[in-house]
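Take a look at the letters that make up each chain.
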Amino acid sequence: MALRLTGSHILEPEHHSDPERGDDHAESSSSEDEDDDEDLNWDDWVSDSLAKRPCKSLFENRTFDTVQEALLYDETTHGFSLKAITERLGLDPYKRIRLINWIRKEHPSSSDVAALTGSELFFTSDEYLKPSLEDDPLLQIEPDDWTDSDEDEELEKPDAPKDLASATRRIQALQRKLEQAKQDLVYYRQFVSQRLNLAGLSDELKKSNESSSSTHVAVPLRDDDSHYFQSYAENDIHSVMINDKVRTASYAKYILSNQDVFKDAVVMDVGCGTGILSLFAAKAGAKRVFAIDASDIAEKAQQIIKDNDLDNVITLIRGKVEDINLPEGYEKVDIIVSEWMGYALLYESMLDSVLHARDRFLRAGGIMAPSQTQMMFALCEAGELFKERIGFWSDVYGFDLSAMAKDVYEDAVVDVVGPETVVSEPVVIKDLYLGDITPKQLDFSSSFKLVSTSERRIKVHSFVLYFDTFFTSTGEPIPPDTDVYIIKEGDSVLAEVWPLGGRPYQARRMSSGSPLKGKGRPKVTSFSTGPASMPTHWKQTIFFLREPITVAEGTIVEGTFKCKKRSENSRELDVEIHYTVKDPENASEPGDIFVQLYKVR
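Just so it is clear, the model here is predicted, and its values are computed rather than measured. (Residues numbered from 1 in each chain as written. Predicted model: local features only at pLDDT ≥ 70, side-chain atom pairs only at ≥ 80, totals over all residues. Heavy atoms only, no water.)

**Things to note about the sheet that holds strand β6 (residues 333–337)**
Think of a sheet as strands paired side by side through backbone hydrogen bonds, with each pair either parallel or antiparallel. Strand order in this open sheet of 5 strands is β5-β4-β3-β6-β7, and the pairing throughout is parallel. Looking at the sheet topology across the chains shown, the edges are occupied by β5 (314–318) and β7 (362–369). Pairwise comparison of adjacent strand axes, ignoring direction, gives a mean angle of 25° for this sheet. As defined by bridge partners, strand β3 (residues 266–270) adjoins β6 across 3 bridges and the pair is classed as parallel. Within β6, the residue paired with Asp269 across the bridge is Val337. (Pairing = 2+ DSSP bridges. Helix = DSSP H or I, 4+ residues; strand = E, 2+ residues; numbered from the N terminus. Axes fitted to C-alpha atoms, helices over the stretch in contact; angles between N-to-C directions.)

**Structural notes on the packing of helix α11 (residues 245–256) against helix α13 (residues 276–283)**
For the pair α11 and α13, interaxial distance at closest approach is 9 Å and the crossing angle is 25°. When the axis of α11 is compared with that of α13, the two are roughly parallel. Helix-helix and strand crossings are classified by hand; for α11 and α13 the assignment is right-handed. Here Thr248, Tyr251, Ala252, Ile255 and Leu256 of α11 come into contact with α13, specifically with Leu277, Phe280, Ala281 and Lys283. Residues of the contact of α11 with α13, tallied by class, amount to 7 nonpolar, 1 polar and 1 charged. (Parallel < 35°, antiparallel > 145°, perpendicular 65-115°, else oblique. Left-handed = near helix turned anticlockwise from the far one by under 90°. Contact = heavy atoms within 4.5 Å. Nonpolar A, V, L, I, M, F, W, Y, C, P; charged D, E, K, R; others polar.)

**Examining the pattern of salt bridges**
Taken as a whole and judged by the stated rule, the model has 18 salt bridges. Note that Glu384 is salt-bridged to Lys387, the shortest N-O span being 3.7 Å. Of this pair, Glu384 and Lys387 both sit in helix α16 (residues 383–389), 3 residues apart, roughly one helical turn. As a salt-bridge pair, Arg566 and Asp574 come within 3.2 Å of each other at their nearest N and O atoms. The class for Arg566 is buried, based on a relative accessible area of 9%. Residues joined in a network through salt bridges with shared partners are Arg566, Glu568, Glu572 and Asp574. (Salt bridge = Lys/Arg side-chain N within 4 Å of Asp/Glu carboxyl O. Buried < 20%, exposed > 50% of the residue type's maximum accessible area, 1.4 Å probe, protein only.)

**Quick notes on the nonpolar core**
The biggest cluster of nonpolar side chains holds 95 residues, and the ones touching the most others in it are Met268, Phe377, Phe448, Phe463, Phe543, Phe561 and Ile577. Here this core spans two domains, since at least three of its residues come from each of domain 2 (225–339) and domain 3 (371–491 + 522–600). When residues no more than four places from it in sequence are discounted, the contact partners of Ile577 are Phe377, Phe448, Phe463, Phe543, Thr560, Phe561, Phe594, Val595, Gln596 and Tyr598. In terms of nonpolar packing, the next biggest core, distinct from the first, is built from 27 residues, Phe64, Leu91, Val113 and Leu138 among them. (Core = buried A, V, L, I, M, F, W, Y, C linked by side-chain atoms within 4.5 Å. Domains from an automatic or database assignment.)

**Some remarks on the packing of aromatic side chains**
For the structure on display, the rule yields 24 aromatic pairs. Where Phe471 meets Phe527, the ring centres are 6.5 Å apart and the plane angle is 35°; that geometry is what we call tilted. Taken together, the residues Phe471 in strand β12 (residues 458–472) and Phe527 in strand β13 (residues 524–528) connect sequence positions 56 residues apart. Phe527 carries the same exposure label as Phe471, and that label is buried. Members of the aromatic cluster, connected to one another through ring pairs, are Phe377, Phe444, Phe448, Phe463, Phe543, Phe561, Tyr579, Phe594 and Tyr598. (Phe/Tyr/Trp six-rings, centres within 6.5 Å; stacked < 30°, edge-to-face > 60°.)

**A short note on the sheet that holds strand β16 (residues 573–582)**
Strand order in the open sheet formed by 4 strands is β11-β15-β16-β17, with antiparallel pairing between adjacent strands. Edge positions in the sheet fall to β11 (444–451) and β17 (593–600), since each has one partner strand and no second. On average, each strand axis in the sheet is tilted by 20° relative to the strand beside it, whichever way the strands run. Bridge analysis of β11 against strand β15 (residues 556–565) gives 8 bridges, and the strand direction is antiparallel. Bridge assignment links Ser445 to a residue of β15, and that residue is Lys562.

**Some details on helix α4 (residues 93–106)**
Structurally, the α-helix is built with 3.6 residues per turn, so residues lying three or four positions apart point the same way. With 14 residues, α4 extends 20 Å between its outermost C-alpha atoms, agreeing within 8% with the 20 Å of an ideal straight helix rising 1.5 Å per residue. Where burial is concerned, most of α4 is hidden: 10 out of the 14 residues are buried. Here α4 has its buried residues at Tyr94, Arg96, Ile97, Arg98, Leu99, Ile100, Asn101, Trp102, Ile103 and Arg104. For α4, the N-terminal capping position is held by Asp92, with its side-chain oxygen 3.0 Å away from the main-chain nitrogen of Tyr94. (Expected span 1.5 Å × (residues − 1). Polar contact = N/O pair within 3.5 Å; in protein donor to acceptor, adjacent residues only side chain to side chain.)

**A short note on helix α14 (residues 297–307)**
Listing the buried residues of α14 in full gives Ile297, Ala298, Glu299, Ala301 and Ile305. Among the structural elements, α10 (235–242), β4 (288–293) and β5 are those in contact with the buried residues of α14. Once α14 ends, the next one or two residues include Asp309, with phi positive near 55°.

Written out as structure tokens, the structure reads:
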């Protein structure tokens, strides 16, 4: 038996300090760190001279010589006091920073600002921690610094103290300033640690509570959630998803053609993004829709809901679904709708959050939409894609650059392959019924048997994985004989004119998977992300083989497909494929076993 393992499963060794480099190096490194920290101390943000720097009005394109002059102008001309609203709303330093940046970026009137309650979304958005005006002195001083004090005057005297009493006052004032700066630095570190979940910063914060002599900041650990939610804050990714007609039209088809299901229902949209699914649910007659999202896209979703006059039905809740609570009077929902699927179905691990929402918020007998997904697996010739990604490196202007192709075998490739490249009937390697599957079951091992359908002898360069998605009107599993609906270019489901203004939806023809066969069968809507379908933004997931398989009609490729979350990043996947190739005439004879490991990231 030949067992072939790639090196991708071996963990990279952790980098430790080299003992042979000696203590002198450690001391030098420590000294350099301290020097770096001194270059980035709190005085970069808070200094005694800030109040005397030029400052722009919050409401006009007019600059004044000092902060105090600018604030006084806004107060006398526009009737707006930054200090007063900070005290009235009880703003901490970071909400005050967001307020200033929001005013400078969005240009509201002074009356609009005066009407704020402190509960607006921008007060919790990291977007408004970014300065709207470069080097804005208003962001760098505390409210207490907006007016002169005897202590400030004492510190600003250019002459040395002339007697013991004045020297003592000067020393005490400096000590108070130093302690305030230290407290501000600790507060800043606490804020960063809480917002970004940096374990290294948290450890260093504990040290700073014991001794304020060091300002060294530990190297932060990677945080899977922060990067994930930040990636969904931009417009581009939502444009790609909404313009995926197979995806969006299928969701619209299910929701708007099942108005008897959604009428007067309480719906939760997990990971709402722009809120498009929530809008569909509201138009289908839902009594109340809770749109949940933890990324900054929630701010735009809130505006979209308002612009479409649906804020009386849809309530946006900002936060992770694991942490939020429903408004008073609501404990359970009737339907949970979510577009949680990632590359290879499980990439990004959003399904874990959807299942948490199911267990916590879905009433008994409630509906999950989609209700079921199936991971499909097949042989793929992928000759053209192999040439594009791997083969061409072997001869580049007469040079061998094939070393560039080695890493391609270690990572799954997300791309589109044509239906003619699939040379076996696909098999289901994981069937996920969302009514009862658990997060633990998302790490799995499944056996497979693929039989070549190629009429001639060819080389197979890869396996291909994709998924099919099913919605049922009752939330129950699909009947065993249900075929997924394959959407082609020009399909009527893509050309439906969806009614606006609450008018009932009238389908032109049935396009929801298999036709209904007998009483009691649920109404099924479905779509595929496979090569036979119109391409989707999920494309297909390709696992290139280091050793191509030569197959003819009837050749059997069987083995085991293993999938689990990566230990380095829980939103990525580790895939391990064990397989053997058998001639159909000698299928009983044991063959060599090949093992290949991949990352989906």
